[in-house]
Amino acid sequence: MAVRMQGKGLAEEIKQAVRQATQELGAHGVSVGLAVLQVGENPASSQYRNAIKRACAKVGIQPYEHVFPPQVSLNELLNAIRALNADERVHGVLVLFPLPQRLDARRVVNAIAPEKDVDGLGAISIGRLAAEESTYQLFGTSQGRAARSFLPCTPFGVIRLLEHYRVPIRGRHVVVVGKSLAVGRPLSLMFLAREATVSVCHRETQNLGAITRQADILCVATGVSHLIRAPMVKPGAVVVDIGISILPDGTVTGDVHYQEVQEVASMLTPVPGGVGPVTIAMLLENTVRSAQSRELLKGV
Ligand SMILES: NC(=O)c1ccc[n+]([C@@H]2O[C@H](COP(=O)([O-])OP(=O)(O)OC[C@H]3O[C@@H](n4cnc5c(N)ncnc54)[C@H](OP(=O)(O)O)[C@@H]3O)[C@@H](O)[C@H]2O)c1
């Protein structure tokens, strides 16, 4: 039976460190601020915004919420982001997805100043990850360094969860299913930086099971409920399920068939309760690091 890799313990550890850092910054008169932008009232986005607000309250970060009507123009949104880029109270800017189709999501994300892009999804942040200019964060050597960009929260959370459970990465064959800009793509770059052998699968991949069966570490982020069944997993593999699906009866499931795969894998994340809690903790950590970096640069 697979070890259940839960995210709560790690998330609490990260939040504890963030709380300490916000208190230290507070002693220097610095209040850490995170701006969260939402367009319309998508229920999943509203739920995520509320979860972020609660988490901020627990660690001493001031949230600044900006909810725009669904008909907001691109220029209005870009102006709001530019104002937040210049706002000294704000150390992180997060735009919640999905945005209405008519808004160019990449233009919106790329408008966030890289040093405030705490979700790490702007072109500069992703480019610096690909160019291995920000990967020192993956090796825990960020202390005392001013960050110019941040690693995306969910994939970085996956790496931190594996580290927390002492799963070796170097030299292992990692299979990532999903190549989105938010999860699969940056996650594969992170594994490469950590010297894993990486295969990336997507919708056009032929014979998915033949590839996933080769994985020492299998990470799945597709949003397809129960895509991964037991015969697709190598005995003893470590399996990380990033997917979240809400079934018609309201049940939350992942991309991996937990009941089946737990009989084959050596370690497996549950959904909910695996990667999810770590994602918000990483967002808070990136925000406080942004504040620390700014104060470091100011020489406080
Ligand atoms: N736990 C968390 O904190 C967290 C954070 C973010 C996202 N998520 C969840 O993670 C999942 C993925 O999110 P996302 O933003 O990456 O989604 P996305 O942008 O829709 O990307 C899905 C990826 O999966 C691939 N895919 C879809 N069906 C597939 C199939 N049958 N076989 C192989 N590959 C397939 C797609 O391939 P193509 O590129 O070929 O279309 C695409 O690359 C969602 O369930 C989301 O809710 C969780």
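Residues numbered from 1 in each chain as written. Predicted model: local features only at pLDDT ≥ 70, side-chain atom pairs only at ≥ 80, totals over all residues. Heavy atoms only, no water.

### Some points on the overall build of the chain
Assigned secondary structure in the chain consists of 10 helices and 11 strands. Each principal axis of the C-alpha atoms in the chain carries an extent, and together these give about 55 × 45 × 35 Å. In the chain, which comprises 300 residues, the proportion classed as buried is 53%. In the chain, 73% of the contacts between residues at least 6 apart in sequence involve partners at least 24 apart. (Helix = DSSP H or I, 4+ residues; strand = E, 2+ residues; numbered from the N terminus. Buried < 20%, exposed > 50% of the residue type's maximum accessible area, 1.4 Å probe, protein only. Contact = heavy atoms within 4.5 Å.)

### Topic: the sheet that holds strand β3 (residues 62-68)
Pairing in this open sheet of 3 strands is parallel, and the strands run β3-β2-β4 from one edge to the other. Unpaired on one side and paired on the other, β3 and β4 (92-95) mark the two borders of the sheet. Neighbouring strand axes in the sheet, compared pairwise and without regard to direction, differ in orientation by 15 degrees on average. Both strand β2 (residues 33-39) and β4 contribute to a ladder of 4 bridges, which runs parallel. (Pairing = 2+ DSSP bridges. Axes fitted to C-alpha atoms, helices over the stretch in contact; angles between N-to-C directions.)

### Comments concerning the site of the ligand
Around the ligand, the surrounding shell holds 18 residues, and the nearest of these are K179, S180, R203, I244 and T279. A distance of 2.9 Å is found between an oxygen atom of the ligand and a backbone nitrogen or oxygen belonging to I244. Within the contact set of the ligand, an oxygen atom lies 2.8 Å away from a side-chain nitrogen or oxygen of T279. When the ligand sits alone it has 930 Å² of accessible area, and the protein chains cover 72% of it. Each residue belonging to the shell around the ligand can be placed in one class, and the counts come to 7 nonpolar, 9 polar and 2 charged. (Near = heavy atom within 4 Å. Polar contact = N/O pair within 3.5 Å; in protein donor to acceptor, adjacent residues only side chain to side chain. Areas by Shrake-Rupley, 256 points an atom, 1.4 Å probe, with all protein chains shown as cover. Nonpolar A, V, L, I, M, F, W, Y, C, P; charged D, E, K, R; others polar.)

### Overview of the domain arrangement of the chain
Under the domain assignment, the chain is made up of domain 1 (30-118 + 274-300) and domain 2 (154-269). Centre-to-centre separation of domain 1 and domain 2, based on C-alpha positions: 27 Å. Counting from both sides, the interface comprises 7 residues of domain 1 and, opposite them, 11 residues of domain 2. Carbon and sulfur atoms supply 73% of the area buried between domain 1 and domain 2, which totals about 710 Å² over both sides. A per-residue breakdown of the area domain 1 buries against domain 2 is headed by V275, V278 and M282, which together make up 59% of the total. (Domains from an automatic or database assignment. Buried area = accessible area lost by both parts, 1.4 Å probe.)

### Things to note about the packing of helix α1 (residues 8-27) against helix α10 (residues 275-298)
One way to put it is that α1 packs onto α10 with a least axis distance of 9 Å and a crossing angle of 25 degrees. The angle between α1 and α10 falls in the class roughly parallel. The element α1 and its partner α10 pack so that their crossing is left-handed. Each of K8, L10, A11, I14, K15, V18, A21, T22 and L25 in α1 lies in contact with α10, whose residues at this interface are P277, V278, A281, M282, L284, E285, V288, A291, Q292 and E295. The class makeup of the residues in the contact of α1 with α10 is 13 nonpolar, 2 polar and 4 charged. (Parallel < 35°, antiparallel > 145°, perpendicular 65-115°, else oblique. Left-handed = near helix turned anticlockwise from the far one by under 90°.)

### What about the sheet that holds strand β7 (residues 217-220)?
With respect to topology, 6 strands assemble into an open sheet ordered β1-β11-β8-β7-β5-β6, the strand pairing being parallel. Here the strands that pair on one side only, and so sit at the sheet edges, are β1 (3-4) and β6 (197-201). Judged from the 4 bridges that link them, strand β5 (residues 173-177) and β7 form a sheet pairing that is parallel. Bridging across to β7, V175 finds its partner in L218.

### Overview of the side chain of S134
Looking at where S134 falls in the secondary structure, it is placed in the loop between α5 (123-130) and α6 (153-164). The residues contacting S134, other than those within four sequence positions of it, are S125, R128, L129, S149 and L151.

### Details of unusual backbone geometry
Along the chain, F97 connects to P98 via a cis peptide bond; the corresponding omega equals 0 degrees. The phi torsion at E195 lies on the positive side, around 65 degrees, for a residue other than glycine. Mapped onto the secondary structure, E195 falls in the loop between α7 (184-193) and β6. At N207, a residue that is not glycine, the phi angle is positive and equals roughly 50 degrees.

### Side note on the side chain of H257
With respect to the helices and strands, H257 occurs in the loop between β10 (252-253) and α9 (258-261). Ignoring anything within four residues of it in the chain, the contact list for H257 reads H226, I228 and R229.

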